[in-house]
Structure formats: C-alpha cells, structure tokens
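Fold and geometry: a report
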Amino acid sequence: MFARKRKIADQASRSVVLVIKTTNSHNYNPKEGDRITQIACVEMMNGNLTGKEFNAFINPNNQQLLTACGENYRQNLRQDEATALLSNVTNAPTFKDIQPLLLAFISHDPKTTIIVHQKKHALHFLRHELDAHGNNELVKFPMESMISKSAELSHQGLYHAGQYPAEINSNREKLSSTRTYYKFDDICKELNVSTRLRTGYSALQDATLLAKAERNRLTLVPADQQQAEVNRPLKK
C-alpha cells in the first residue's frame, strides 16, 4: 500500500502556480475591455518550489486603462510603490509579445498541472487573450489541467479544517463546511503562510505565497487524494 502511494505521488510531479493581475474598469470583464497587466508563474516539483519563475508586466495598450490603473495604485499603495508599478506596466510589452515565453514556461511538460486561486477569473482573461492571437495558441495552453485553490477545492472539503489531522486543529477555529469561496488571505492563513507583507498588487508575490500554501497543504493530503485532484475533469 505504501509503495503504491509513493508511485502515485511521483506521477504528479510538475505544477505551475499562476496568478494574473488585471485592470478593473469594466468589472473585471475582458469582453468589455479589461486586460491583464501582470502574469506570474512559480514552478513546483513534487510539491516543492524549484526557484524557477516567470514574471511579466503587460501593457494593456489602452491609455484610458493605464490612467485608471494609476488612480487605483495611488489610492492603495505608497506613492513610490504606485509610481514604480505604473511605470512597469506602462513600459511593458503587450500580451502578444510575452505569449511565447509564457506558453514555453507552462507547456513544455504536457503533464503540468496549473494551480490558480480563482479558476473562472483566470480562464476568462487567458482565453480572451489567447483566442485574440489565434486558436492554435489557445490549444497549446493546458486549460484542462487547471485547478482552483478556492472555489472548486473548497466544494470538495480540501480546505475544511475537518479534513486535517486532529492535532493541527486543536487550537484552530474550524472553517464552515458550507463555505464555497475562500479569499486569498484565508487560504494562506489556514495553511500557515504569512501574508503580512502582501500588497495584493504583485502577481509574483501572490504566486509565491500560493505555492507555499500548496506545499503546506500537500503535507496534509494523502497521495491518492492528490492524484485525484490532478485527474479531475475541468468544469466548464
């Protein structure tokens, strides 16, 4: 039995934690004009961070969106942070320019599992951007391997405290079994990852935090259950 579990765990070897940041001038709707401004990926092998990363700022190629981004940054960040972030986005390449590098990072291993926080949000924007540059590129992106660490997994109880060994719940408030969505900070807190320095405006920072949360979660989930997550069909 133990040998079988080890074999299953070895099969699910490579994961990429992906985080996007977007404009919000049209209620996070790319069909209405919103665009991706940052995209970051952190590689994991057998549940551990490898140190390999992909990080890109993306110019939405729209002055109105850039102006709105600047206002948003200034309202929520220190002046120097807001100025630097807006400069990074303004001087960045377009999504079309970074697309080959992104696809190469994610897709070089066909068995890669993509881990995101909100699958619907990520799929909505990525499908829009990739489709705009040709269906062949959309096919190359392994959408079917994308799993969410918020809504979808919470439905299956993987973030419910009752799923964890009793000893780690002794001094912890249990999460509700009826909860259907977990905020980013909730996931990190439940899995002992500090978000004290999180700004919420760095895709790479969030991807790293989510990868650490996934690493901690995998120490608590049996190997056969890990493989079940990888094999679960993508819900449309």
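Refer to the structure above for everything that follows.
What comes next is a walk through the structure. (Residues numbered from 1 in each chain as written. Predicted model: local features only at pLDDT ≥ 70, side-chain atom pairs only at ≥ 80, totals over all residues. Heavy atoms only, no water.)

**Considerations on the side chain of arginine 217**
Let me state the cut-off plainly: Starting at the N terminus, helices and strands are each numbered in turn, a helix being any DSSP run of H or I of at least four residues and a strand any DSSP run of E of at least two. Two N or O atoms count as a polar contact when they lie within 3.5 Å, although within protein this holds only if one can serve as hydrogen donor and the other as acceptor, and sequence-adjacent residues are included solely when both atoms are side-chain atoms.
Tracing the backbone shows arginine 217 in helix α9 (residues 203-218). Of note is the side chain of arginine 217, whose polar atom sits 2.9 Å from the side chain of glutamate 214.

**Describing the pairing of strand β3 (residues 48-57)**
The condition is simple: At least two DSSP bridges between two strands are required for those strands to pair.
Taken together, the 7 bridges between strand β2 (residues 36-45) and β3 define a ladder with antiparallel strand orientation. Across the sheet, the residue bridging to isoleucine 39 is alanine 56, located in β3. Counting the residues that bridge the hairpin from β2 to β3 gives 2 residues, and of these asparagine 46 lies at a positive phi of roughly 50°.

**Things to note about the pattern of salt bridges**
Note the cut-off: Just to be clear on terms, a salt bridge is a Lys or Arg side-chain nitrogen sitting within 4 Å of an Asp or Glu carboxyl oxygen. Throughout, exposure labels follow a simple rule: accessible area from a 1.4 Å probe, protein chains only, divided by the maximum for the residue type, with under 20% read as buried, over 50% as exposed, and the rest as partly exposed.
This structure, assessed with the given rule, holds 7 salt bridges. Of the charged contacts in the structure, one is a salt bridge between aspartate 206 and lysine 21, with a shortest N-O distance of 2.7 Å. Here lysine 21 lies in strand β1 (residues 14-22) and aspartate 206 lies in helix α9, a separation of 185 residues in the sequence. Residue classification places aspartate 206 among the buried residues on the basis of a relative accessible area of 1%. Taking the relative accessible area as the measure of exposure, lysine 21 reaches 15% and is therefore buried. One connected set of salt bridges, linked through shared partners, spans Lys21, Asp185, Arg198 and Asp206.

**Points about α9**
Spelled out, the test is: Under the convention used throughout, the expected extent of a helix is 1.5 Å for every residue step, that is, one less than its residue count.
For α9, with 16 residues, the first-to-last C-alpha span of 22 Å sits near the 22 Å given by 1.5 Å per residue. Regarding α9, the residues found buried are Ala203, Leu204, Asp206, Ala207, Leu209, Leu210, Ala211, Ala213, Glu214, Asn216, Arg217 and Leu218.

**A word on the packing of aromatic side chains**
Geometrically, a pair of aromatic rings is defined through the distance of the ring centres and the angle of the planes. Here is the rule: What counts as a ring pair is set by centres within 6.5 Å for rings of Phe, Tyr and Trp (its six-membered ring), and what kind of pair is set by the plane angle: stacked under 30 degrees, edge-to-face over 60, tilted for all other angles.
Summed over all chains, the structure comprises 2 aromatic pairs. Ring geometry for phenylalanine 54 versus phenylalanine 105: centroids 6.2 Å apart, planes at 40°, classification tilted. One end of the pair, phenylalanine 54, is in strand β3; the other, phenylalanine 105, is in helix α4 (residues 95-107), with 51 residues separating them in the sequence. Classification of phenylalanine 105 by relative accessible area gives buried; the value is 14%.

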